[in-house]
Structures are given as C-alpha cells and as structure tokens.
Amino acid sequence: MKLLLYGHGFHYEMENICRLFFHQERIEVEENSRTLPGPGSALVMREPGEGGDSLSAEVWLENFRERAEETAPCGATPQELERRLAVLLFGLLSSARGIRPQWGILTGVRPVKFLRSLSEKYGEEEAARRFREDYLVSPEKLALSQATMAHEGPLLARSRGDSCSLYVSIPFCPTRCAYCSFVSSSVEKTVKLVPQYVELLCRELEHTAQVVRRCGLRVESVYFGGGTPTTLSAAQLARLLAVVRGEFDLSHSRELTVEAGRPDTITEEKLLALREGGVTRISINPQTLSDDVLRRIGRRHTTAQTLEAFRLARACGMDNINMDLIAGLPGDTAPGFRQTLDGVLALSPESITVHTLSLKRSAQIFQEGESREQEERDAAAMLDYAAARLTGAGYQPYYLYRQSRMVGNLENVGWCRPGRESPYNVYIMDETHTILACGAGASTKVKEPGTDCLERIFNFKYPYEYISRFQEVLARKDRVKEIYDTFGKSVHSLQQHTGGH
C-alpha cells in the first residue's frame, strides 16, 4: 500500500494506522504529495488556516474511494492534530476493509500505562471516556485495561526511588520456533559457545552488582529469560544462581523467576538446581496442547512432555508455575485453543499468560501478502474465551502489552491467581524503575526516579559478539553510575516521593 502525506510529519503514526489493516503488506510512504496515484493508496493532509487547520484523509482501494475531513480547533497541539488525522484515516480504512480493530487508533505497546496517565491527569471517568471516544477503543478492551490497571496498582506502589530489577539473558534454545523473532541461538549450532558465555555472564553479573552498590540501589525482582534458560545444564544454572544470590542483596526481592520454557529442556536435576538456587517462580510454556500445531511451529516436544514436565516440577517443590499459550498459531482453531486452555486450567498453574501471535519479518512463518482474515477472527474468539474462562476460574489480569504485527491487532495478557503476580513483568511493561540487564541481547533501561526519563544501554546482540567484545560490555555497564550522577539528586531522597515502603 502507498501512503501519501502532505503538510505534516506524522509519518510513524499514520503508517501504523495503515498497518492495522494491512499488517503483512509493505507500506510505502511518500511525503509532500497531494494526489492519489491509484487503487491501493491513501492520502493524509493538513493545511493550516486562519480558523484552524484543515485536516483530511482519502482512501482509494479497488472498490472503495472515499474522503473524510474536518477543521481542527485553533491552537490544537501537534499531538491533537496527529490524533484527529489518525481518527479520519482509521474510519476510512475500517469502512473499506469491513473490520474495526478493537484497540482503535492505539498502536503503542503499553495501553494500560497510557490509560493510567490519562486517569492521573483527568480522573478515571474522563480517562475512560477519552479511551472510548477519542481513541476508539472498544468497551471490551477498555474494561480489560481498567481491570489490569487496578490489579497491577499495588505492585507499582511498592517501587521506590532506589528500586531496580535484574534481568539475565540466556539467548539459547534447543531449536528455533517458526514464529520466533527474538535474538536467540539454536544450541545445535552454538553449543561450543555456551561454557564461555556462562563464564563471562557470571563476570558481568559480578560487575553489575558492584554498580548496584555504588548507585545505592535495591533489587526488587530477578528474572532469567531468553531464549530458554533451561537449555543450560543443571551445573551451569546452579553457578549463575549462586553468583546472583552471592553478589546481590536480595533481601527486598519479591521474585526470582526462571523461564524453564520448553518442556523438552526440563529435567529433575535442573529443577532441583533451580529450587536450591532460590528460584521462586518458573514458566513451563506449552504454547498449545495440540501435537499437530506443535509440529507446524517447529516445537520439538509433545503435549505428553508438557504434562510430564509440569508433574515433575510440582514433585520437585515448585509451587509458583506460569504457563504460556499463544492464540492464532498456524493450524490452530478456536475449538482447538479452547481445548488447550481447558487442559492447562486442569493443571491449576498459578499464572497463565495468553499471547497473540506476532508475525515479525524475521520469523520463519512470516509470508508477506498472505491473507490471515480467518486467523484474525479465530484469534479474537480465542482471547474472548480466555478472558471469560480465566476470570471464571479466579484468575485476574495483572499485566498487558502489545506488539507490532499481532494477528488481529490484539494483545498479550498475564493472568494470575491473587498474590501470584510476577513483579518483574509489571515493572518492565510499566517502565516503573531501572532494569539492569545482563547477557547477549539484553537492554538496560536506566529510569530517573520521579520522571518518565529513560536512558538505554545495549549489550551486543549475539553470543559471539558478547564474547569477543566483552570488555566493552563491562565499560557500558559503568555508564549506569554516570547516568545516575547526572540526575543531580540522590535516589534515596526520592524514596518518599515515589511512594515506596
């Protein structure tokens, strides 16, 4: 599709609106053009005037050509002009395609954070009205956002000015799933790198602990992600956990999560190493309980292995287990997803995270131009069933986020039993406080207390880069203290300001 812009620089937002309806097509953007070249194009214009800016959008598809326009109030901010243009374009594309994405013109990753900011500024009732009327969010997604905001509130209130969380990246998997776009490496190809990677990761953790002490920070949560951390051996996991517990003061930490992830990596020896290493929460992620769908997406495990891994984890004393599911997987159906969710609920895990398939261009199953309209309808039905079934079973939504190119422009939601939230998931999605990230592909986010200011420090993406340029990794970590020094005030002086106890 060709997107033409005239009189404004709202390139990113207008492109994202188009992608809601053409998420697998390339959007070609051309600026300073006022004429539609033919079918398959859209024009979004702003023309300043004495009585207010004239705003218009025109869409020309094969059997559809319409124009919408309005005059913005005098003195409208750039943000308001952008919103109004997005509404015009969204309305035309909804009519042209016969669909109305439930999140309206919201295209960001963190809709709950946005709702909270509106609530703090205008009050909850006015914030809800703006979500519905100004941003065209459906009543169902508004209600989900409100419930999530309410449930994550107590966790956010515990964060202080000197709080931080620790993320440890294990970027290895047994094999690469067909839908995956994360920076991870198949152990089949990189097995020789693993021992050296673990050795250097221990050194980075030790160095990061020194940074934490120099900055006067306290660790609220620890999260091992990937990849699949349990791709490592029991001895390697035990060593990393020993470094974390030995180097960091975890007396205030409310969580030490390890993503066990793939059931085919879980053994009794590894589970015992996790338990003895102080792990309080693990994930066992089936994604689906259909062996046929598992084969389609390249997951080399079976439903039977998932059930056995869960049983084994319980036998090893794991009393806080999350399970991930994905709605919209190739070959899955709404009845198939219902069967999966019911099967997982029968296990009674403490939390269930329901993701929507996101087809990034780096994923193997991404096929540009392929029609997925039925998959989008199925995914929406899957999420509707999940929300009703999980709520009825006593689970509550406690964090929510979105990604680009999600099937049906939907969302990912973490559901848990009361008191079984993962604080890290809330903190990372809300950008509540500093996240110190170690390992290949990890991104540290330094948060200035009491503000929305973030500064990012990136580690090298791939294990071989991380290993070969390790001294640069340590040097970059030292920037954390430099950044805190630029804040011009002690983090301790902000403890009361940020509401923590």
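Residues numbered from 1 in each chain as written. Predicted model: local features only at pLDDT ≥ 70, side-chain atom pairs only at ≥ 80, totals over all residues. Heavy atoms only, no water.

1. Examining the pattern of salt bridges
What the rule picks out here adds up to 34 salt bridges. Of the charged contacts in the structure, one is a salt bridge between arginine 34 and glutamate 47, with a shortest N-O distance of 2.6 Å. Placement of the pair is arginine 34 in the loop between strand S2 (28-31) and strand S3 (41-47) and glutamate 47 in strand S3, with a sequence separation of 13 residues. A salt bridge links glutamate 472 to arginine 469; the shortest N-O distance between them is 2.9 Å. (Salt bridge = Lys/Arg side-chain N within 4 Å of Asp/Glu carboxyl O. Helix = DSSP H or I, 4+ residues; strand = E, 2+ residues; numbered from the N terminus.)

2. Here's the deal with the packing of helix H3 (residues 111-122) against helix H4 (residues 124-134)
Put simply, H3 and H4 touch, their axes get as near as 7 Å, and they point 130° apart. Viewed along their axes, H3 and H4 adopt a mutual orientation that is oblique. Considering how the two elements wind past one another, H3 and H4 form a crossing that is right-handed. Here Pro111, Phe114, Leu115, Leu118, Ser119 and Tyr122 of H3 lie close against H4, whose contacting residues are Glu124, Glu126, Ala127, Arg130 and Phe131. (Axes fitted to C-alpha atoms, helices over the stretch in contact; angles between N-to-C directions. Parallel < 35°, antiparallel > 145°, perpendicular 65-115°, else oblique. Left-handed = near helix turned anticlockwise from the far one by under 90°. Contact = heavy atoms within 4.5 Å.)

3. Some details on the pairing of strand S10 (residues 256-261)
It is a general feature of regular strands that their side chains alternate between the two faces of the sheet. Taken across its six residues, S10 has six buried, putting it largely inside the fold. The two faces of S10 match: Leu256, Val258 and Ala260 on one face and Thr257, Glu259 and Gly261 on the other face are all buried. Taken together, the three bridges between strand S9 (residues 218-226) and S10 define a ladder with parallel strand orientation. Of the residues in S10, the one forming a bridge with valine 222 is leucine 256. Of the crossover connections in this fold, the one passing from S9 over helix H8 (residues 234-247) to the parallel S10 is right-handed. With four bridges connecting them, S10 and strand S11 (residues 281-284) associate as parallel partners. When the sheet's bridge partners are listed, glutamate 259 is paired in S11 with serine 283. In this region the chain leaves S10, passes through helix H9 (residues 268-276) and returns to the parallel neighbour S11; the handedness of that crossover is right-handed. (Buried < 20%, exposed > 50% of the residue type's maximum accessible area, 1.4 Å probe, protein only. Pairing = 2+ DSSP bridges. Right-handed = clockwise from strand over helix to strand, strands pointing away.)

4. A look at the sheet that holds strand S5 (residues 64-71)
Remark on secondary structure: sheet strands pair via backbone hydrogen bonds, oriented parallel or antiparallel. Ordered in space as S2-S1-S3-S4-S5, the five strands form an open sheet in which the pairing is mixed. One side of each edge strand has no neighbouring strand; the edge strands of this open sheet are S2 and S5. Averaged over all adjacent pairs, the angle separating strand axes in this sheet is 10°, with direction ignored. Alignment of strand S1 (residues 2-6) against S3, held across five bridges, turns out to be parallel. If you follow lysine 2 over to S3, its bridge partner there is serine 41.

5. Brief notes about the pairing of S5
In this sheet, S5 lies alongside strand S4 (residues 54-61) in antiparallel orientation, the contact comprising eight bridges. For leucine 55, the partnering residue across the bridge sits in S5 and is glutamate 70. Counting the residues between successive antiparallel strands, the hairpin from S4 to S5 contains two residues.

6. Examining the nonpolar core
Here is a general trend for soluble globular proteins: nonpolar side chains tend to be buried in one another's company. In terms of nonpolar packing, the biggest core is built from 129 residues, with Leu89, Leu205 and Phe224 touching the most fellow members. By residue number, the principal contributor to this core is helix H7 (residues 194-215), which donates 11 residues. Those residues in contact with phenylalanine 224 that sit more than four places away from it in its chain are Val168, Ile170, Pro229, Leu240, Leu241, Val244, Leu256, Thr257, Val258 and Glu259. The next biggest cluster of nonpolar side chains, apart from the first, holds 16 residues, and it includes Tyr223, Cys416, Met429 and Ile435. (Core = buried A, V, L, I, M, F, W, Y, C linked by side-chain atoms within 4.5 Å.)

7. Topic: the packing of aromatic side chains
What the rule picks out here adds up to 13 aromatic pairs. Ring centres of tyrosine 466 and phenylalanine 470 lie 5.6 Å apart, and the angle between their planes is 75°; on these two criteria the pair is classed as edge-to-face. A relative accessible area of 0% means that tyrosine 466 is categorised as buried. By relative accessible area, which is 4% here, phenylalanine 470 ends up buried. In this structure an aromatic cluster arises from ring pairing among Phe172, Tyr197, Tyr466 and Phe470. The ring of tyrosine 6 carries the charged tip of arginine 34 above its face, separated from the ring centre by 4.6 Å. Here arginine 130 stacks its cationic end above the ring of tyrosine 122, 3.8 Å away from the centre of that ring. (Phe/Tyr/Trp six-rings, centres within 6.5 Å; stacked < 30°, edge-to-face > 60°. Lys NZ or Arg CZ within 6 Å of the ring centre and 35° of its normal.)

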